[in-house]
Amino acid sequence: MLSYSKKIIVSALFSCIILFSGSVSVHGQADIPSEANSASVYSYLGLGTPYDYLSPFASGMSLSGVAIPDPRRASLANPALWGTTVFTNMSGGMSLEYFDSSDDFGSSQNTNIDFSQIHLVLPVLEERLAISAAMYPRTTSRFQVRSSGSFQGATSDSVSTVNYDVVNQGTGGLNNLELGFGLRITENILVGYASSLMFGVQRASNTIAFDRSAFNGINYERRTRYRGFSHRFGLAVSTNQGVFRSRDRMMFGATVNLPTNLSAHRRYISELRSDQMIDDVVIIPEDRYGERTMRYPLETAFGVSYFTNPYTLFSAEFQYQEWSEYRNFDEIRDPMLSDRVRVGLGFEYDASSRNLSGFFNSFAYRAGASWDSGHLTFDGTDIETLLFSVGLGIPARNRTSNIDVSFDYGFRGTQSNNLVSEK
């Protein structure tokens, strides 16, 4: 059994040489995902794709909602806004995503369903102090990449070309389990704070199949688990009515998520199959690597909302993430990660608040657009995203609950430089 374990380790090392030779990288001759339940192919890098939509109603404006107050609905975008809460609020969400991806070698279509946040806000002092409890994702990683290649291999009687196929797929990401509070200091100034347990697991499995019976197939899975504590602060400042017109007002919002040190543990396992059993064997245990410290980057967001009247608002946001300071499992900077900038503009007209008759006066209408520089760079090419959003708010008859639906259409990446373009 000892010699068999050594054989597994040698096979795994051989597969690593194949995988990291560039054949399954997005920047190379790799087929893009061809199976359902894949998200963005770019989510296989780093800690996955960052999750931005923290407010169910602001997502229809392509915004996070850092400067959009609504005491009737729970929002995770800015802890300071919890200080406006009047009644107990609870929100939850889910998303259905469809990806149409293409590169120089093919195309694929994938569908992905996710449950997002669950959030509870309890007022302690009405419109003065509230506490919040929530669980929501910070990054998402779900991908499948196929590739193929060949090498000169020696068999029992000759040296011949051996073809192989590689399937690299993974799931996981980071989540926040959060507690916080929002406090109204004065009529126009609100502050907030939240502390989170940031945790998650990323799994990346690799399977290599050969077209020669002399070479056995190889499979192994890399599992990395993370844990750390994060802290974020929020500020919101509003003006009184009458800034430019008699009924208008403005609100400014800002948040800061401090850098988070994540303790990380990693192991490699392989699945063994025989006529009698299927079993997992640990190739490299967690204690071989020990505990590593990874660094989740600083994040800031700023926003301003202008209410022309109680029913109409225009909002703009700026978000920045310092991914260039990210530390990977080897505790070094990742050269493919770069600082991320995201800007967005949004609009809302809440006809349902006007108490007018008519079917079309029963909804809130939203629209917006955003541009994202992305946090990935390949040979000087940023993986940018342009996104357009529309949304609809559907209040209940008694206005004690609300359904917010948003539709997004966007473009990410490029086919130049052998990269992947996604819609």
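Now for a description of the structure that goes with this document. Predicted model, so just to flag it, every value in this text is computed and none were measured.

1. Observations regarding the pattern of salt bridges
Here is step 1: Taken as a whole, this structure holds 18 salt bridges when the rule is applied.
Here is step 2: For Arg366, the salt bridge goes to Asp404, with nearest N and O atoms at 3.1 Å. Of this pair, Arg366 sits in strand S16 (residues 364-372) while Asp404 sits in strand S20 (residues 402-413), and the two are 38 residues apart along the sequence.
Here is step 3: Between Arg412 and Glu422 there is a salt bridge, with its nearest N and O atoms 3.3 Å apart. Linking Arg412 in strand S20 with Glu422 in strand S21 (residues 421-422), this pair joins segments that are ten residues apart in sequence.

2. Considering the packing of aromatic side chains
Here is step 1: Summed over the entire model, instances satisfying the criterion amount to 17 aromatic pairs.
Here is step 2: Ring geometry for Tyr42 versus Phe378: centroids 6.2 Å apart, planes at 45 degrees, classification tilted. Taken as a pair, Tyr42 in the loop between strand S1 (30-31) and strand S2 (49-50) and Phe378 in strand S17 (residues 377-378) lie far apart in primary sequence, 336 residues in all.
Here is step 3: What makes Phe378 buried here is its relative accessible area of 4%.
Here is step 4: On the numbers, 5.9 Å between centres and 70 degrees between planes, the contact of Phe244 with Tyr306 is edge-to-face. With Phe244 in the loop between strand S8 (218-238) and strand S9 (249-257) and Tyr306 in strand S13 (residues 299-309), this residue pair connects regions lying 62 residues apart in the sequence.
Here is step 5: Site record: aromatic cluster; members linked through ring pairs are Tyr220, Tyr268, Tyr289 and Phe329.

3. Observations concerning the nonpolar core
Here is step 1: In terms of nonpolar packing, the biggest core is built from 24 residues, with Tyr42, Leu47 and Met294 touching the most fellow members.
Here is step 2: Among the secondary structure elements, those contributing two or more residues to this core are strand S5 (129-154), strand S7 (189-210), strand S10 (260-273) and strand S12 (292-296).

4. Remarks on the side chain of Thr377
Here is step 1: Position of Thr377 among the secondary structure elements: in strand S17.
Here is step 2: Within polar-contact distance, the side chain of Thr377 engages the side chain of Ser338 at 2.8 Å.
Here is step 3: Among the polar contacts made by the side chain of Thr377, one reaches the side chain of Asp382 at a distance of 2.7 Å.
Here is step 4: Excluding its chain neighbours within four sequence positions, the residues that come into contact with Thr377 are Pro335, Met336, Ser338 and Asp382.

About the cut-offs
Residues numbered from 1 in each chain as written. Predicted model: local features only at pLDDT ≥ 70, side-chain atom pairs only at ≥ 80, totals over all residues. Heavy atoms only, no water. Salt bridge = Lys/Arg side-chain N within 4 Å of Asp/Glu carboxyl O. Helix = DSSP H or I, 4+ residues; strand = E, 2+ residues; numbered from the N terminus. Phe/Tyr/Trp six-rings, centres within 6.5 Å; stacked < 30°, edge-to-face > 60°. Buried < 20%, exposed > 50% of the residue type's maximum accessible area, 1.4 Å probe, protein only. Core = buried A, V, L, I, M, F, W, Y, C linked by side-chain atoms within 4.5 Å. Polar contact = N/O pair within 3.5 Å; in protein donor to acceptor, adjacent residues only side chain to side chain. Contact = heavy atoms within 4.5 Å.

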